Amino acid sequence: MKRAYQMIAPVALALISACSILPKADPSDVYRLPSAQAVNQQGAPVNWSLRLAKPQTSEFLDSARIAVVPNGDLISSYANSRWSDPAPVLLRNRLMDGFQGDGRVTLLSTDDTNLQADYELGGQLQAFQSEYRGSAVEVVIRLDARLVRGSDQRIIASRRFEVHQPVTDTKVPAVVAGFGLAGDQLNRQVVEWVVQQGNGAGKR
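Residues numbered from 1 in each chain as written. Predicted model: local features only at pLDDT ≥ 70, side-chain atom pairs only at ≥ 80, totals over all residues. Heavy atoms only, no water.

In the annotation of an unreviewed UniProt entry, the entry for the protein chain reads ABC transporter, and the organism field reads Pseudomonas grimontii.

Printed below as a string of structure tokens:
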């Protein structure tokens, strides 16, 4: 029995030592993009379907980091804070909420499925960050949007959307709230543009 204990004790000690060097749990605060404001239906439903694709973006923005440009061309991220999903996913899901709240485009899907659609909305996410302007801070979202016809992948329309939302506090919760307001602005603009372009393309 004593010999068995002598054999087990070193093994147990080794396991305890190994546990002490394992990486600790991520201490980051995880933020969702604040929910979109309720939007009333703006008109009659359209008769075409729309697929929402995650926009392409830079390697830095294609992550859960909450990006900040403190000065010039330096891009960084807030310490101990991150998004619940990478920025392109957050933006795509926010746009989905916007279309559903608007109510005119009822046949919706995302690029997470293989469903066919009459049109696809995608593009390039150029900015999804807070930026310092002296002592002031603002959230900047810049999206080069493309509306593509599903049958032949022809680009129907393209447009740059850019939103600047001032933030009253430099603390992360206030910045996150600023992202939510900026997302609301972008949503309204993109939804209206897509509905106009989709309806117009059907008449061409």
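Now that the structure has been shown, the text picks up again.
Novice: Whenever I open this one, the overall build of the protein chain confuses me. Can you help?
Specialist: Each helix and strand in the protein chain was counted, giving three helices and nine strands. Along its sequence from the N terminus, the protein chain presents helices and strands in the succession α-β-β-β-β-β-α-β-β-β-β-α. By the burial criterion, 41% of the 204 residues in the protein chain qualify as buried. By sequence separation, contacts in the protein chain at least 24 residues apart represent 69% of the contacts at least 6 residues apart. For the protein chain, the accessible area works out to roughly 11800 Å², and carbon and sulfur atoms hold 51% of it. (Helix = DSSP H or I, 4+ residues; strand = E, 2+ residues; numbered from the N terminus. Buried < 20%, exposed > 50% of the residue type's maximum accessible area, 1.4 Å probe, protein only. Contact = heavy atoms within 4.5 Å. Areas by Shrake-Rupley, 256 points an atom, 1.4 Å probe, with all protein chains shown as cover.)

Novice: Any chance you could explain unusual backbone geometry here in plain terms?
Specialist: Negative phi is the rule for most residues except glycine; trans is the rule for most peptide bonds. Positive phi, close to 60°, is recorded for Asn80, a residue that is not glycine. Among the structural elements, Asn80 can be located in strand E5 (residues 74-83).

Novice: Please clarify how the side chain of Glu131 should be interpreted in this entry.
Specialist: Following the sequence through the fold, Glu131 ends up in strand E7 (residues 119-133). Those residues in contact with Glu131 that sit more than four places away from it in its chain are Val69, Ala136, Val137, Glu138 and Val140.

Novice: For this particular structure, what's the right way to read the pattern of salt bridges?
Specialist: When the charged atoms of two side chains with opposite charge come close together, those side chains can pair. Considering all chains together, one arrives at 13 salt bridges under this definition. The salt bridge involving Arg51 is made with Glu120; its shortest N-O contact spans 2.5 Å. Here Glu120 lies in strand E7 and Arg51 lies in strand E2 (residues 49-52), a separation of 69 residues in the sequence. The exposure class assigned to Arg51 is buried, which follows from its relative accessible area of 18%. Note on Glu120: relative accessible area 23%, which makes it partly exposed. Residues Arg149 and Asp152 are paired through a salt bridge, measuring 2.8 Å at the closest nitrogen-oxygen approach. (Salt bridge = Lys/Arg side-chain N within 4 Å of Asp/Glu carboxyl O.)

Novice: Explain the side chain of Ser81 here, please?
Specialist: Following the sequence through the fold, Ser81 ends up in strand E5. With residues near it in sequence (within four places) discarded, Ser81 still touches Ser28, Asp29, Tyr31, Ile66 and Val172.

Novice: Would you take a moment to explain the pairing of E7 for this structure?
Specialist: Two faces belong to every sheet, and in a regular strand the side chains alternate between them. The pairing of E2 with E7 spans three bridges and is parallel. Its bridge partner lying in E7, Leu50 is registered against Tyr119. The pairing of strand E3 (residues 56-57) with E7 spans two bridges and is classified as parallel. What sits directly across from Gln56, in E7, is Gln124. Taken together, the three bridges between strand E4 (residues 65-71) and E7 define a ladder with parallel strand orientation. Paired with Val68 across the bridge in E7 is Ser130. Note that E7 and strand E8 (residues 136-149) share 14 bridges and pair antiparallel. When the sheet's bridge partners are listed, Gln129 is paired in E8 with Val140. Taking the residues between adjacent antiparallel strands as the criterion, E7 and E8 are bridged by two residues, where Gly134 takes a positive phi near 70°. (Pairing = 2+ DSSP bridges.)

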